[in-house]
Amino acid sequence: MHPSFEEPIEFIEGLPNILVIESKKLRVRILEDLTNQMETGDGNFVLSDENNILKIEKSAELIINPFSLDINQKKVIAKIQSTIKELANNESNYAESVRIIGEVVSYFENLGAQLEYPVSFNDNIELQDLIKISGVKVEVESISFFENVWNYICLLNDILGIKIFIFWNLQLFVQEKELKELYKIANYKKIHLFFMESFDFKEHTLFERITIIDKDLCVIKNF
């Protein structure tokens, strides 16, 4: 929900939402507000699941520039590192993790002993330190623009558990057959797609929930 909307935008499984905002002034206000809220957590958008208010910046991903998608962004790497740490500390890997840390400490002590001057090393190396210097990152090879988009969606869903993806004018750049594939993937993974568009430029032959706010701020629904 947003104060500029007469009614909430409802997410229904398997049905992408399209919000067309024809007023330039309103588009700027909406995008500015949404961008700020995604970055700071403060804004006028309210995202709720039944009666539970959710943090939109943790539950959704805003994609304004689909040509510059960084899957190895800070929050993704932090989550991967956290997951690796959990794996390294589980019953199957804990003993090996302790052994490797011990060997690293011993290795540096041996190197230090070969120097002609006294040095000391941190003998309290933690697993998190080794994980960080490993430089772990996601390896994705995308052939096309569209593949890059849906790879990004799937990976953020798998890694961060994000269920809502908000696109700004994406439909300017994709064909209908690509949208069909994107809808299919989203439906399979139970992801909600929300397209914010500047104008309604295509004939709608797919199952979509379309809301138009025209230049006079009148709301027109097509579902």
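Residues numbered from 1 in each chain as written. Predicted model: local features only at pLDDT ≥ 70, side-chain atom pairs only at ≥ 80, totals over all residues. Heavy atoms only, no water.

I would appreciate a short explanation of the overall build of the protein chain in the present structure.
Scanning the protein chain from terminus to terminus reveals 7 helices and 8 strands. A compact globule built from 223 residues should have a C-alpha radius of gyration of about 17 Å, whereas the protein chain, at 24 Å, is more than 25% larger. Along the longest, intermediate and shortest principal axes, the C-alpha atoms of the protein chain span 80 × 35 × 35 Å. Residue burial in the protein chain is summarised as follows: out of 223 residues, 38% are buried. Counted over contacts in the protein chain with a minimum sequence separation of 6, partners at least 24 positions apart contribute 70%. Split by element, the accessible area of the protein chain, about 14,100 Å² in all, is 51% carbon and sulfur. Between the mean site of the 23 positive side-chain charges and the mean site of the 36 negative ones, the protein chain shows a separation of 4 Å. (Helix = DSSP H or I, 4+ residues; strand = E, 2+ residues; numbered from the N terminus. Rg over C-alpha atoms; globule rule 2.2 N^0.38 Å. Buried < 20%, exposed > 50% of the residue type's maximum accessible area, 1.4 Å probe, protein only. Contact = heavy atoms within 4.5 Å. Areas by Shrake-Rupley, 256 points an atom, 1.4 Å probe, with all protein chains shown as cover. Lys, Arg positive; Asp, Glu negative; His and termini not counted. Charge placed at Lys NZ, Arg CZ, Asp CG, Glu CD.)

Please clarify how the nonpolar core should be interpreted in this entry.
Within soluble globular proteins, side chains that are nonpolar generally end up buried alongside one another. Counting residues in each nonpolar core, the largest one holds 29 residues, and the members touching the most others are I153, F165, F167, L193 and F195. Mapped onto this core, the elements with two or more residues apiece are β1 (17–21), α3 (74–88), α6 (145–160), β5 (164–168), α7 (176–188), β6 (192–197) and β7 (209–213). With 7 residues, α6 is the single largest residue contributor to this core. Setting aside anything within four residues of it in sequence, one finds F195 in contact with P16, N17, I18, L19, F167, L170, Q171, L179, L182 and Y183. Listed in part, the 20 residues of the second largest apolar core include F5, L26, I30 and F194. (Core = buried A, V, L, I, M, F, W, Y, C linked by side-chain atoms within 4.5 Å.)

Would you take a moment to explain the environment of I213 for this structure?
Turning to its location among the elements, I213 is positioned in strand β7. Judged by relative accessible area, I213 falls into the buried class, the value being 3%. I213 sits 186 residues away from R27 along the chain, and the two C-alpha atoms are 9.9 Å apart. Setting aside residues no more than four positions away along its own chain, I213 makes contact with S4, F5, L19, V20, I21, E22, S23, L26, C218 and V219.

What am I meant to see in helix α1 (residues 24–40) here?
Three- or four-residue spacings in an α-helix give side chains the same orientation, since the helix completes a turn every 3.6 residues. Taking 1.5 Å per residue as the helical rise, α1 with its 17 residues ought to reach 24 Å, and the 24 Å between its terminal C-alpha atoms agrees with that figure. Within the sequence span of α1, burial applies to L26, R27, I30, L31, D33, L34, Q37 and M38. The arc that holds the buried residues of α1, viewed along the axis, is 165 degrees, so those residues lie on one side. Seen from the buried face of α1, the exposed residues on the opposite side, beyond 90 degrees, are K24, K25, V28, E32 and E39. Contacts made by the buried residues of α1 are with β1, α2 (56–59), β4 (60–63), β5, β6 and β7. Within two residues after α1, G41 carries a phi angle of roughly 90 degrees, on the positive side. (Expected span 1.5 Å × (residues − 1). Arc of directions from axis to C-beta.)

Just checking my understanding: could you explain the packing of α6 against α7 for this structure?
Each pair of packed helices can be summarised by the angle the axes make with each other and by the distance between the axes. Where α6 contacts α7, the two axes come as close as 11 Å, and the packing angle between them is 15 degrees. One finds that α6 runs roughly parallel with respect to α7. The handedness of the crossing between α6 and α7 is right-handed. The residues of α7 that touch α6, namely those facing F146, W150, I153 and C154, are E178, E181, L182 and I185. Its residues placed into classes, the contact of α6 with α7 shows 6 nonpolar, no polar and 2 charged. (Axes fitted to C-alpha atoms, helices over the stretch in contact; angles between N-to-C directions. Parallel < 35°, antiparallel > 145°, perpendicular 65-115°, else oblique. Left-handed = near helix turned anticlockwise from the far one by under 90°. Nonpolar A, V, L, I, M, F, W, Y, C, P; charged D, E, K, R; others polar.)

Honestly, a nonpolar patch on the surface in this entry has me stumped. Any pointers?
A surface patch of nonpolar side chains, amounting to about 650 Å² of accessible area, comprises Y107, F108, L111, L115, Y117, V119 and F121. Its location among the elements puts Y117 in the loop between α4 (94–113) and α5 (127–133). (Patch = residues over 30% accessible without salt bridge, like charges linked within 9 Å, V, L, I, M, F, W, Y side chains within 5 Å. Salt bridge = Lys/Arg side-chain N within 4 Å of Asp/Glu carboxyl O.)

Whenever I open this one, the sheet that holds β5 confuses me. Can you help?
Spatially, the 6 strands line up as an open sheet ordered β4-β5-β6-β1-β7-β8, and their pairing is mixed. Pairing within the sheet leaves two strands with one partner each, and these edge strands are β4 and β8 (219–222). This sheet shows a mean twist of 15 degrees between the axes of neighbouring strands, independent of strand direction. Pairing of β1 with β6, which is carried by 4 bridges, proceeds in the parallel orientation. If you follow I18 over to β6, its bridge partner there is F195. (Pairing = 2+ DSSP bridges.)

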